[in-house]
Amino acid sequence: MKKHIVTIVILLMAIGGGVISISPTANALTCSGGFSYDPSTGGGRNNYYNGCTSQPNGCGNCSCPPECTISYSPSTLTSSGVGSVSLAIIGTDADGQASCSCSGLDSPGYTFGLSAGTYNQGPFGYAGTKSCTCTVSNSRGSNSCSGSLTVTAAPVNGACGSANGGSYSSAPTFGFCSSGTSTGVSGSGPWFWSCKGSGVGSTESCNASILPVLPSCSMSYSPSALTIGTTGNVTLSMSNDADGQASCTCTGLDSQSSAFNLSAGTYTQGPFNSAGTKNCTCTVVSTTGHSGTCSKSLTVNAAAVSGSCGTRNKTYADIATGWGFDTMCGQGSASPSAVSFPSQGTSVSWSCNGSGGGTNASCTATHQTITCTPNCNCAAITCSTQTCLNSCGTAYCTGMNNCTTFSCTDPSTGLSAIPPTGYVMCPNANIGLTQNVSWFITGSGVASCATYNG
């Protein structure tokens, strides 16, 4: 279509009888169709060429004021996110830039010019709303457009803190969450709470266990050992027991057959009528169900017996040949348990050991050596009236102040011996004659003794 500069004069009778002349701008389109005028609007789109109806807003470039749009993509960001804003200008702005102002978030706080285009937005670092309004204009008028961007906080996942997984005697009071918000502690041990995230962040569940309460007990006897008929004490102590009583069992001596409860304290033990061992074990349980045990034993001994030597603890005459009915110990046990009768001039020793803390006794038996010396101080009498003994106990007779010792010898052992009861060495019917007197010595053959020549 060919462009023309046309001046159209339309004469209309107005209320005041005036004439209105409208001239299109030099760059207006030459449009087909008629021209309409609506005096009630005082101008506007309906005053333009009706042949421009195919253009934006029904005006196109036929002299309409410009329009604009603001759009954010995406319309919502997180504080750490990045998006864009697009400004579109429809028609012709006088200087090619929209006059814009924004509020909220990182807005500059003043009006600025902005050409049509797309611009980055964010990251903002915090949540809020950014609202912008732009105005475009030319000689035909102006239009405004607005848009807003919502910025949400970045998602924060909830995470348990240092208290999670710990053990405590009472509910923890800190260290619930390393990130997020604690929902509060529930339970009486174990304890539970959650760390709630923000934004679209996740929530984590947390817990802590109750600290085990470990009970303990101990037992002691004083003294540690008793003897029959004496008494002592047993002391029981405990800590962290739920009800302050231990469940105890004992065996041996005066023990009862069933378990019994016992509080901490000191109790008398004994007297016991027999020797042996008393074993006791006690168990304590805490409020958390944990248990502990303690055990102790008491030894009861027989009464103390001190060792003492028996009748063998002496010196035996040279003529003795054995122990006879003599004993090794009066009290206690002999060690060694047996000893041989000593030969002449020797000794044997042993001990008689006490019991129950009693003392030991040392014992010795000695056998004399034969040292027979005639006793010539007897009165000058005959054997018919007196029999004398030498220092060894061997019988001999005296007469005429002459002393003759009888040599009474056991042929099998060579030891001297005295006659048995009822025998004499010198029968008075044969004084002065050689006499042979015989008797038996236990365990040996016949021994013969010769008298003196009177």
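From a predicted model like this one, the values you see are computed outputs, not experimental measurements.

Student: What is the right way to read the side chain of S79 from this model?
Tutor: In this structure, S79 sits in the loop between β2 (76-78) and β3 (83-90). S79 gets classed as buried once you look at its relative accessible area, which sits at 8%.

Student: Looking at this model, I keep getting lost on the environment of T281. Mind explaining?
Tutor: With respect to the helices and strands, the residue T281 is situated in strand β21 (residues 276-285). Its relative accessible area of 32% is what places T281 among the partly exposed residues. Along the chain, T281 and A259 lie 22 residues apart, while their C-alpha atoms are 9.8 Å from each other. In this structure T281 touches S247, C248, T249, C294 and S295, once residues within four positions along its chain are discounted. Among the polar contacts listed, one links the side chain of T281 to the side chain of S295, at a separation of 2.8 Å.

Student: How should I be thinking about the pairing of strand β18 (residues 245-251) in this particular structure?
Tutor: Consecutive residues of a regular strand have side chains that alternate between opposite faces of the sheet. Every second residue of β18 is oriented toward a common face, the buried set being A246, C248 and C250 and the non-buried set Q245, S247, T249 and T251. Strand direction decides the pairing type here: β18 and strand β19 (residues 260-263), joined by 4 bridges, are antiparallel. When the bridges of β19 are listed, Q245 appears paired with S263. Here 5 bridges tie β18 to β21, and the two strands are oriented antiparallel to one another. Bridge assignment links S247 to a residue of β21, and that residue is T283.

Student: It is not clear to me how the environment of T327 should be interpreted in this structure. Could you clarify?
Tutor: With respect to the element layout, T327 can be found in the loop between β24 (315-316) and β25 (329-331). T327 gets classed as partly exposed once you look at its relative accessible area, which sits at 37%. Along the primary structure T327 and T311 are separated by 16 residues, whereas in three dimensions their C-alpha atoms are 5.2 Å apart. Setting aside residues no more than four positions away along its own chain, T327 makes contact with G310, T311 and R312.

Student: Would you mind going over the sheet that holds β3 with me for this structure?
Tutor: Where strands meet in a sheet, backbone hydrogen bonds hold them as pairs that are either parallel or antiparallel. Strands sit in the order β1-β3-β6 across an open sheet of 3 strands; the sheet is antiparallel. Strands with a single pairing partner mark the edges of an open sheet, and in this sheet they are β1 (67-73) and β6 (117-121). Geometrically, the sheet is characterised by an average inter-axis angle of 20 degrees between neighbouring strands, direction not taken into account. As paired strands, β1 and β3 are joined by 7 bridges and run antiparallel to one another. Note that in β3 the partner of T69 across the bridge is A88.

Student: Looking at this structure, how should I read the pattern of salt bridges?
Tutor: Between side chains of opposite charge, pairing is possible as soon as their charged atoms come close. All chains considered together, the criterion is met by 2 salt bridges. With a shortest N-O distance of 3.2 Å, D254 and K278 are connected by a salt bridge. Taken together, the residues span a long stretch of sequence, with D254 in the loop between β18 and β19 and K278 in strand β21 at a distance of 24 residues. You can call D254 partly exposed: its relative accessible area is 48%. Here K314 makes a salt bridge to D326, at a shortest N to O gap of 3.0 Å. Here D326 lies in the loop between β24 and β25 and K314 lies in the loop between β23 (308-309) and β24, a separation of 12 residues in the sequence. Taking relative accessible area as the criterion, D326 reaches 18% and is therefore assigned buried.

Student: What's the story with the state of the cysteines in this structure? I'm lost.
Tutor: Think of a disulfide as a covalent bridge from one cysteine sulfur atom to another cysteine sulfur atom. Counting across every chain of the model gives 10 disulfides. The disulfide bridge from C102 ends at C132, spanning 1.9 Å between sulfur atoms. Across the S-S bond of C102 and C132 the torsion is about 110 degrees, and the bridge reads as right-handed. A residue pair is termed long-range when its members are at least 10 positions apart, and C102 in strand β4 (residues 97-103) and C132 in strand β7 (residues 128-138) qualify at 30 residues. Each member of the pair, C102 together with C132, is buried. Put simply, C217 and C294 are joined by a disulfide, and their sulfur atoms are 2.2 Å apart. Linking C217 and C294, the disulfide has an S-S dihedral of approximately -115 degrees and is accordingly described as left-handed. In this pair, C217 sits in strand β15 (residues 216-222) while C294 sits in strand β22 (residues 291-301), placing the two residues 77 residues apart along the sequence. Neither residue differs from the other here; C217 and C294 are each classed as buried.

Student: Help me out: how do you make sense of the sheet that holds β21 in this one?
Tutor: Strand order in the open sheet formed by 5 strands is β16-β22-β21-β18-β19, and the pairing between neighbours is mixed. With partners counted over all chains shown, the strands left at the sheet margins are β16 (225-227) and β19, one partner each. Direction aside, the axes of adjacent strands within the sheet are offset by 30 degrees on average. The pairing of β21 with β22 spans 10 bridges and is antiparallel. Bridging across to β22, C282 finds its partner in C294.

Reading guide: rules and limits
- Residues numbered from 1 in each chain as written.
- Predicted model: local features only at pLDDT ≥ 70, side-chain atom pairs only at ≥ 80, totals over all residues.
- Heavy atoms only, no water.
- Helix = DSSP H or I, 4+ residues; strand = E, 2+ residues; numbered from the N terminus.
- Buried < 20%, exposed > 50% of the residue type's maximum accessible area, 1.4 Å probe, protein only.
- Contact = heavy atoms within 4.5 Å.
- Polar contact = N/O pair within 3.5 Å; in protein donor to acceptor, adjacent residues only side chain to side chain.
- Pairing = 2+ DSSP bridges.
- Axes fitted to C-alpha atoms, helices over the stretch in contact; angles between N-to-C directions.
- Salt bridge = Lys/Arg side-chain N within 4 Å of Asp/Glu carboxyl O.
- Disulfide = S-S within 2.5 Å.

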